[in-house]
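Single-letter residue listing:
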Amino acid sequence: MKLLGRRRRLMLVTGGSGFLGRHVLNGHASDRWELIAPSSSAMDIRRRDSTIDEITGWKPSVVVHLAYRKDDHRSIVEGSRNVAEAASACGARLVHMSTDAIFAGRAAPYVESDVPFPIIEYGRDKADAEAAVMAACPTAAMIRTSLLYGTEQLGHVQLDVQRALSPGVDRRAMTFFTDEFRCPVHAADVARAIAQIAELPEVVGPLHVAGPDAVSRAEFARATANWLGLGGHRLQTGTIESSGQVRAARVILDSSRAASLDITCRSVDEVYRTS
């Protein structure tokens, strides 16, 4: 985290130690804001009163809410509501992080006005969190994004590829689907978008910020393996249908509204080719 002297504006970030949080604290936001990122031990967002006391005590101009625990309903839903109540109480601009997991999948891209219809538990929790946030802080901006990856640091989806090609691992046990499509996006691009949206109070409600291309999990895994020098041809691929799993097959976020605000993200090909 960079604290570059005294500034008039303070940005408080929850989940600052996470993958996206580290990109926010060390990215574009650090050039424009004084940053504070309370640890989970210092501020447990599941505890309403202490969360509100902590955030209102800092009196931030902006709150960026990234913190969550994937299998913890209380953290995702109640924690998000608590942070939103705190932001509203101190008049802070709230930027809340959401996900494409709130959608069930379809042929056409999803726009911001589409109604969430999650088919997995995590997606249901995140959809509930969106509703809770907007009820508690109606002026919040809610960024929906897709698969996050990085270059200086590896994201979870990249670590899965690395593990799948590690010595001694049974590659047949780790399958990357050819019929599951998302819009992978570099975490630095999302971090930059967060900093931009923080200064656009007219942006309220959902905003899709994701990569420009629909990429299958298998395609992304192969591109990642080749970028890491591990040989993408060695990966095990398959289909959701043959696996018997319940997963959304094609979830493509239409990010044209973000592009109209000069918020753009790079393609996987561009990122890997130039890094």
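Residues numbered from 1 in each chain as written. Predicted model: local features only at pLDDT ≥ 70, side-chain atom pairs only at ≥ 80, totals over all residues. Heavy atoms only, no water.

## Details of the packing of helix 5 (residues 156-164) against helix 7 (residues 217-227)
And step 1. At a closest axis distance of 9 Å, the pairing of helix 5 and helix 7 adopts a crossing angle of 70 degrees. In terms of axis orientation, helix 5 runs roughly perpendicular to helix 7. Considering only the axes of helix 5 and helix 7, their crossing is right-handed. Counted together, Val157, Gln158 and Val161 of helix 5 and Arg217, Phe220, Ala221, Thr224, Ala225 and Trp227 of helix 7 form the full contact between these two elements.
And step 2. Of the residues in the contact of helix 5 with helix 7, the class split is 6 nonpolar, 2 polar and 1 charged. (Axes fitted to C-alpha atoms, helices over the stretch in contact; angles between N-to-C directions. Helix = DSSP H or I, 4+ residues; strand = E, 2+ residues; numbered from the N terminus. Parallel < 35°, antiparallel > 145°, perpendicular 65-115°, else oblique. Left-handed = near helix turned anticlockwise from the far one by under 90°. Contact = heavy atoms within 4.5 Å. Nonpolar A, V, L, I, M, F, W, Y, C, P; charged D, E, K, R; others polar.)

## Section: the confidence of the model for the protein chain
And step 1. Summarising the model, the protein chain shows a mean pLDDT of 93, and 95% of its residues fall at 70 or more.
And step 2. Low confidence marks residues 1-7, where pLDDT is under 50. Its contacts with residues over four positions away, or in another chain, come to 19 contacts. (pLDDT = per-residue confidence, 0-100.)

## Notes on the sheet that holds strand 4 (residues 93-99)
And step 1. Pairing in this open sheet of 6 strands is parallel, and the strands run 2-1-3-4-5-10 from one edge to the other. Both outer strands of the open sheet, strand 2 (34-36) and strand 10 (205-208), are each paired with one neighbouring strand and no more. With strand direction ignored, the average angle separating the axes of adjacent strands in the sheet is 25 degrees.
And step 2. The sheet contact formed by strand 1 (residues 10-14) and strand 2 spans 3 bridges and is parallel. Among the inter-strand pairings, Leu10 is bridged to a residue of strand 2, identified as Glu34.
And step 3. Of the strands in this sheet, strand 1, strand 3 (62-65) and strand 4 touch helix 3 (residues 73-89), which is tilted by about 175 degrees from strand 3. (Pairing = 2+ DSSP bridges.)

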